[in-house]
Amino acid sequence: MNTTARSINRKQFLKGLAAVPAVALLDACVSATSQPVTPAPTQAPATSQPATPAPTQAPAPTATSAPAVASSRPFEGMKIHMALGDGTPGVQEKLNHLPEFEAETGIKVTFDWMPAGPLYEKSLLDFSQGTGIYDIVQTSSGWGAGFTNGKYLEPLDDYISDPELTNAQELDIEDILSLNLDVMTFGGKRYGFPHFGHANILIYRMDILDQLKLDIPKTFDQFEQVAQMITDAKLKTADGEQVYACALAGNASYFDRLVPVIKGMGGRMLDENKRPALTEKPALDALEWYARMIKKYSTPSSVNGGFIEMEQASQGGTCALMLDYGPFIEFTEDKKASKTVGLWALADHPTDGRPLKGCVYYSLWAFSMSAGSKNKKAAWKVLSWFSSRKLNDQLLAEGYLFRGMVTRKSESEAPGIKGQPWTEAAMRATQATDVEAIPRIPESKQLTDIAGAHMNAAITDLETPADAWQKASAEMDPILKDAGYYQ
Amino acid sequence: MDTAKKTSELLKRDGSPGFYRRRRMEPYWLIAPGMLVLLLVSAYPVLYGVFISLTDLNLLSGAKATPHLVGLANYARLLTNPAVLGSIGTTFVFAASTVLCTLLFGFAVALLLNSSLPGINIFRTLNLLPIIITPVVVGITWRFLYNTDFGVIPYYLRLLGLPDIHWLEDPKWALIAVIIVDVWQWTPFATLILLAALQSLPDEPYEAASIDGASAMGKFRYLTLPAMGPSFLIVLLMRTTDAFKAFDTIFVLTEGGPGRATEVLNLYAYRFGFRWGDMGQGAAVAVLVGLIILVLSVVYLRVLPRQQGS
């Protein structure tokens, strides 16, 4: 009995083991040889396409059986996959109209939602590995230089000018504020359509400034004086919590919030030869000012905080001033989460007294097409619908107000937007932008991460502001040299 | 059937030298499929990572999108980068603190749970909860708990009249805050292994020691601790490996800040590779972390059992 068992263990097991790959190989061969048989000319193409619509839908037309239908719905059955940023205002509202678009075109649109960090990383990996998972990706203008340098995005100009693919009237490019197209233009080619832009702005509590009879600060000095007066007033919320003068972003990832302060004091991140320029006096003054505002007047979590901390403070009413982007007001006006709805307004970002023009950094959430998309024409169809004036007008007609920033000229004239206190400030900020305030080069992400880490080190007293910028410049230097900007 | 009879039967069946060679090879053939899978899923990525670390592959640079060999240039750049060098020190402080605390607290909790009190199984189950939660959720939860403005921990510290600690904003406290979270999450893992070891200890030596009049402390010192040696080694090895690989919780809690107070090496592997597209340097950081873990593992496996023996 035992002997029998042993002989099975040795020989038959080995034979069985050899049989497994043999069977697998055979199976693979059978599958491979049988595949070309499936899409025989007489069969419906649906059998060879796993992306076929559900059985309840009409079968995909073939060129021979239904040419008329095929020409009206040439993308029938195609699947387009989008990568979207969690919580981006206005995206879900647009997607609510997706069923109409799908019914009209026969294109099936699917999407993945993810936070901004993973959105960048997943897009980069998808692009670089050529997996082609995403046909359309939500991109930030800050990522554009790297993505286009890697040839990961599809230039859109040919699609825009193709009348067979584009309904120019519905898309209405002329209606888009030119800045929003410019920031996603690299090497003279357009790589994305704007969803909405961010320009740095002052966000303030109207009621607190009224109560203390304070003017809206226009300069950095005035900002500090106002902050001091709010601090001295020792205000409390209805829940008895302390009201701080400011909530600012001191976290290393938020260097872009310091950029308008640097620009507003006459500084710059890189000089005209792309050498680090943070050690220049204006940039040093800017860091000293920003660190002082955070340490002296801001909510304690501002020191290493970012969006979440500012959102909590503004919605809970524990701060009166913020320096952030216009669309932030979407979150202060969130009726479900905010206790301060209707109390916030926007004004120009302060400067040292110089005109605002050129002091504001501008970035954009855009939608781009992956160069690796396997269905580019269908992807363009989705992208042009998603970015169209027609859809935008539908949202406005439904009463969806996108506060804090204006992407299209028609928006600024729309009822509910025209004449609002934030509209004017948002338009002024947009017109005052310098899209190169953070240089649009592939290395910008690395440079801003380095500058951000040292900005935070200065805020947390790990380094003096002068040391911080010297160390940041020393770390940036080899990167810029290696990239070939200078020797 | 006795061994001699079996051997003679086998010799009768095939007594040629090739038979013995085949028999010697049999175990290798048996483990071959497993080894093949291991090579594919484990060794290949590691070797590929080492290869990439020797190239200039940069995903955001059109010119460097195809890897070119650059020798040890990536390692040289890393080891002259003050930020990376600083993070090596932080990684060691983080790893040493978390491993030591996990081991001590894990053993203490294991001793507490190694009793036959009624309802002890409920506590043993509850003890596992932190391991079950994903590190990102742990990070977000603790970020809210630590929050200086509205967090529960600062709130209770204030109620107790203790000074305000800015856990995630003060560079002096941030690393401690991160270590506390890691220890909280992984102490149950140490407890699990050490509790299993405690429960498998034989009763006889303890009975003999009691008869000889040994005190509880004496039994603990001379019986329990030496018997637990192999289990300590397992915890030490696994936790050291984990501690050097720590990334997600720290990333969510502080992103390496304030300043660079909580920057561990893996944050650089992530930044170089996935944020900055510089896969060559990112892979070099990963290889560096792997080498550190390898060296420490060899030290543990060679030195500690020897010390235990002596």
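### Considering the pairing of strand 6 (residues 193-205) of chain A
Residue and element names in this part refer to chain A.
Here comes step 1: Burial of strand 6 is extensive: 13 of the 13 residues sit out of reach of the surface.
Here comes step 2: Where strand 6 lies against strand 10 (residues 362-369), 6 bridges are found, and the strand directions are antiparallel. Looking at strand 10, one finds that His 198 is bridged to Ser 363.
Here comes step 3: With 5 bridges connecting them, strand 6 and strand 8 (residues 319-325) associate as antiparallel partners. Among the inter-strand pairings, Ile 201 is bridged to a residue of strand 8, identified as Asp 324.
Here comes step 4: The pairing of strand 6 with strand 9 (residues 344-347) spans 4 bridges and is antiparallel.

### Considerations on the packing of helix 11 (residues 216-227) of chain B against helix 12 (residues 229-245) of chain B
All names here are of chain B.
Here comes step 1: Between helix 11 and helix 12, whose axes approach to 4 Å, the crossing angle comes to 50 degrees. Put simply, helix 11 runs oblique to helix 12. The residues of helix 12 that touch helix 11, namely those facing Leu 225, Pro 226 and Ala 227, are Gly 229, Pro 230 and Phe 232.
Here comes step 2: In terms of residue class, the contact of helix 11 with helix 12 is made up of 5 nonpolar, 1 polar and no charged.

### Some words on the nonpolar core
Here comes step 1: If you look at the biggest cluster of nonpolar residues, it comprises 145 residues, and the most contacted ones within it are Ile 230, Phe 255, Leu 258, Tyr 290, Trp 380 and Trp 469 of chain A.
Here comes step 2: If one sorts the elements of this core by residue count, helix 13 (residues 281-297) of chain A sits on top with 9 residues.
Here comes step 3: Those residues in contact with Ile 230 of chain A that sit more than four places away from it in its chain are Ile 208, Leu 209, Leu 212, Leu 214, Leu 235, Tyr 244, Ala 245, Ala 320 and Leu 321 of chain A.
Here comes step 4: If you look at the next biggest cluster of nonpolar residues, it comprises 42 residues, including Ala 110, Leu 194, Leu 198 and Val 287 of chain B.

### Some thoughts on the side chain of Ser 314 of chain A
Residues and elements named next belong to chain A.
Here comes step 1: One can find Ser 314 in helix 14 (residues 307-316).
Here comes step 2: Among the residues examined, Ser 314 registers a relative accessible area of 0% and is labelled buried.
Here comes step 3: Not counting residues within four places of it along the chain, the set of residues in contact with Ser 314 comprises Cys 319, Met 322, Phe 328, Thr 332, Thr 340 and Trp 344.

### Digging into the interface of chain B and chain A
Here comes step 1: Contact with chain B, which involves 36 residues of that partner, is made by 40 residues of chain A.
Here comes step 2: Contact between chain B and chain A buries roughly 3,400 Å² in total, counting both sides, with carbon and sulfur atoms accounting for 52%.
Here comes step 3: On the chain B side of the interface with chain A, the three residues burying the most area are Leu 59, Leu 60 and Arg 275 of chain B, jointly 18% of the side's total.
Here comes step 4: Inspection of the region where chain B meets chain A yields 4 salt bridges.
Here comes step 5: Among the ionic pairs, Arg 77 of chain B bridges to Asp 482 of chain A, the shortest N-O distance being 3.9 Å.
Here comes step 6: The interface formed by chain B and chain A includes 12 residue pairs in polar contact (both at pLDDT 80 or more).
Here comes step 7: Tallying contributions element by element places helix 2 (residues 17-53) of chain B first for the side of chain B that touches chain A, with 5 residues.

### Looking at the confidence of the model for chain B
Here comes step 1: When pLDDT is averaged along chain B, the result is 89, and 93% of the positions lie at 70 or above.
Here comes step 2: For this predicted complex, the interface score ipTM comes out at 0.75, alongside a pTM of 0.79.

### A short note on the pattern of salt bridges
Residue and element names in this part refer to chain A.
Here comes step 1: Within this structure, the stated rule accounts for 32 salt bridges over all chains.
Here comes step 2: One salt bridge in this structure joins Lys 481 and Asp 477, with 3.3 Å as the shortest N-O distance. Placement of the pair is Lys 481 and Asp 477 together in helix 21 (residues 465-482), with a separation of 4 residues, close to one helical turn.
Here comes step 3: Residues joined by salt bridges that share partners form a network here, namely Asp 172, Asp 175, Arg 389, Asp 393 and Arg 408.

### Here we look at the packing of aromatic side chains
All names here are of chain A.
Here comes step 1: Counted according to the given criterion, the structure contains 37 aromatic pairs over all chains.
Here comes step 2: The interplanar angle of 65 degrees and the centroid separation of 6.2 Å between the aromatic rings of Trp 143 and Phe 147 together place this pair among those described as edge-to-face. One end of the pair is Trp 143 and the other is Phe 147, both in helix 6 (residues 141-149) and 4 residues apart, which spans about a single turn. When sorted by exposure, Trp 143 lands in the same class as Phe 147, which is buried.
Here comes step 3: These aromatic residues form a ring-pair network of at least three members: Tyr 120, Phe 127, Trp 143, Phe 147, Tyr 152 and Trp 365.
Here comes step 4: For Arg 275, the ring lying beneath its charged end belongs to Tyr 486, and the centroid distance is 4.2 Å.
Here comes step 5: The ring centre of Tyr 120 lies 4.5 Å from the NZ or CZ of Lys 445, which sits over that ring.

The rules behind each value
Residues numbered from 1 in each chain as written. Chains lettered and ligands numbered in written order. Predicted model: local features only at pLDDT ≥ 70, side-chain atom pairs only at ≥ 80, totals over all residues. Heavy atoms only, no water. Buried < 20%, exposed > 50% of the residue type's maximum accessible area, 1.4 Å probe, protein only. Helix = DSSP H or I, 4+ residues; strand = E, 2+ residues; numbered from the N terminus. Pairing = 2+ DSSP bridges. Axes fitted to C-alpha atoms, helices over the stretch in contact; angles between N-to-C directions. Parallel < 35°, antiparallel > 145°, perpendicular 65-115°, else oblique. Contact = heavy atoms within 4.5 Å. Nonpolar A, V, L, I, M, F, W, Y, C, P; charged D, E, K, R; others polar. Core = buried A, V, L, I, M, F, W, Y, C linked by side-chain atoms within 4.5 Å. Buried area = accessible area lost by both parts, 1.4 Å probe. Salt bridge = Lys/Arg side-chain N within 4 Å of Asp/Glu carboxyl O. Polar contact = N/O pair within 3.5 Å; in protein donor to acceptor, adjacent residues only side chain to side chain. pLDDT = per-residue confidence, 0-100. Phe/Tyr/Trp six-rings, centres within 6.5 Å; stacked < 30°, edge-to-face > 60°. Lys NZ or Arg CZ within 6 Å of the ring centre and 35° of its normal.

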